[in-house]
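One letter stands for each residue in the lines below.
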Amino acid sequence: MEKFKKVITADGSFTFYHPLFGESYHSISAGAIGESLKKFLLPSNLLWKAKRQKEIYLLEVGFGLGYNLTVTAVKLKEVRPNLKIHYFGLEYQIVPPIGELELPSPYEGFHEKLRENLLKKEKTSFEIENVSVNLLLGDARKRIKELGNLKFDAIYHDAFSPKRNAELWTLEFLALLKEIIKEEGFWVSYSTALPVRRALWELGFKIFNTKPVGRKSPGTAATLKGTPAGDTVYPLSEKEVKKILTSPKAVPYRDPCLCLPREKILENYLNTIGNNSKRET
Ligand SMILES: C[S@@+](CC[C@H](N)C(=O)[O-])C[C@H]1O[C@@H](n2cnc3c(N)ncnc32)[C@H](O)[C@@H]1O
C-alpha cells in the first residue's frame, strides 16, 4: 500500500495525505481542528440544540480520522456535560496511521479512546463518555440503507472533493440523506461545488453559505425547514442563486443505481455539461 503522508496544518494539528484520492483529509490552510470546529460544528446548529435537547443524532459521511466527531463531542459536552450523542459514521475503511496521531488539548483524551477502540480492540460500535459511536464500514452508498428509520439532527458531509469522490455527491446519494435528516436539521459541508448545490436545490433544501475558514470561499449549509441560530451561516447572494439555476456547470452528478464507479459519474457529468455548453453557443 502506498504511504499515507503525515502533514502539519495551519493550526498545528496533523492530518494525512491520502495516496489514492490525492488529497489530504483536512484543509491545510484552515487547520484540521479549526476546520472541524468552524466548517462543521458551528454551522450545524448542534451547539444551539445541545442547550435544548438531551440527545443528539449525528451522521457523518466520511469518518476519516475522527476529528469532526472528537471536536463535536468535546465541545457539545462543554455545553451539556450529560448530553447523549448518537454518532453514526459512514467510512470506507479505518486507516492504520490514525494510531500515529496525537491531538492537542482538550481533544486528545477523547481521540485516544477512539484510537484504542478502533485499532487495539478492533471495534466498530462502542461508547465513550456517553457518546455511542457506530461506524458502518464499506461503501457508504450501500451501508447507508442500514440506518433504517433513524432521523438525524445534523449531517456532516465530509467526503473527499466532489471531483475526486463523485459517488458521494450525487443527486441520488443526497436524496438518501434527505430521507434521514430531521426537517429542522442541518446538512453541512466545506464544498460549494455547483453540481452539489444544484442537487440540494432540486431536492428542496434551503441553501446557506457558511463562514469562510482559511480561504476566501465559504462552505455550504442546507436545511429543509430549519432556521439557523446565530450568525455562522448567511444567505446566498442573488448572483450565487442565479449561478445555481443557470450555470451550464450546475448539473447534479448522477448515479441512478448507486453503484457507478466514481470515474464514470464524473465522465457522464462532463459529457452533459459539454453538451449544455454546445447548446448555449
Ligand atoms: C475528507 S476524509 C474525512 C475526514 C473526517 N471527517 C475527519 O474528521 O477526520 C473523507 C473520508 O471519506 C471516505 N470515503 C471516500 N469514499 C467513500 C465511500 N464510497 N464510502 C465510504 N467512505 C468513503 C474516505 O475513506 C475518507 O476517510
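Here the structure is a predicted model, which means the values were calculated and not measured.

### Observations regarding the overall build of the protein chain
Part 1 of the reasoning: Tallying secondary structure elements over the protein chain gives 9 helices and 12 strands in all.
Part 2 of the reasoning: Scaling as 2.2 N^0.38, a compact globule of 281 residues should have a C-alpha radius of gyration of about 19 Å, and the protein chain matches this with 18 Å.
Part 3 of the reasoning: Each of the three principal axes of the protein chain carries a C-alpha extent, and together these read 60 × 45 × 40 Å.
Part 4 of the reasoning: By residue count, 55% of the 281 residues in the protein chain fall in the buried class.
Part 5 of the reasoning: Relative to all contacts within the protein chain whose residues are 6 or more apart in sequence, the contacts with residues 24 or more apart total 66%.

### Observations regarding the UniProt feature "domain: MnmC-like methyltransferase" (unreviewed entry) in the protein chain
Part 1 of the reasoning: The residues that UniProt annotates with the feature "domain: MnmC-like methyltransferase" (unreviewed entry) are residues 111–224.
Part 2 of the reasoning: From the first C-alpha to the last, residues 111–224 spans 32 Å; its make-up is 29% helix and 32% strand.

### Some words on the site of the ligand
Part 1 of the reasoning: The ligand sits among 22 residues. The nearest are G62, E91, Y92, D158 and E167.
Part 2 of the reasoning: The contact in question runs from a nitrogen atom of the ligand to an N or O atom on the side chain of D158, over 2.7 Å.
Part 3 of the reasoning: E167 has a polar side-chain atom sitting 2.8 Å from a nitrogen atom of the ligand.
Part 4 of the reasoning: Considering the ligand on its own, with 600 Å² of exposed area, one finds that the protein chains cover 98% of that surface.
Part 5 of the reasoning: Looking at the shell around the ligand residue by residue, the class counts come to 10 nonpolar, 7 polar and 5 charged.

Quick notes on the rules
Residues numbered from 1 in each chain as written. Predicted model: local features only at pLDDT ≥ 70, side-chain atom pairs only at ≥ 80, totals over all residues. Heavy atoms only, no water. Helix = DSSP H or I, 4+ residues; strand = E, 2+ residues; numbered from the N terminus. Rg over C-alpha atoms; globule rule 2.2 N^0.38 Å. Buried < 20%, exposed > 50% of the residue type's maximum accessible area, 1.4 Å probe, protein only. Contact = heavy atoms within 4.5 Å. UniProt positions renumbered as here; feature names shortened; annotations may be inferred. Near = heavy atom within 4 Å. Polar contact = N/O pair within 3.5 Å; in protein donor to acceptor, adjacent residues only side chain to side chain. Areas by Shrake-Rupley, 256 points an atom, 1.4 Å probe, with all protein chains shown as cover. Nonpolar A, V, L, I, M, F, W, Y, C, P; charged D, E, K, R; others polar.

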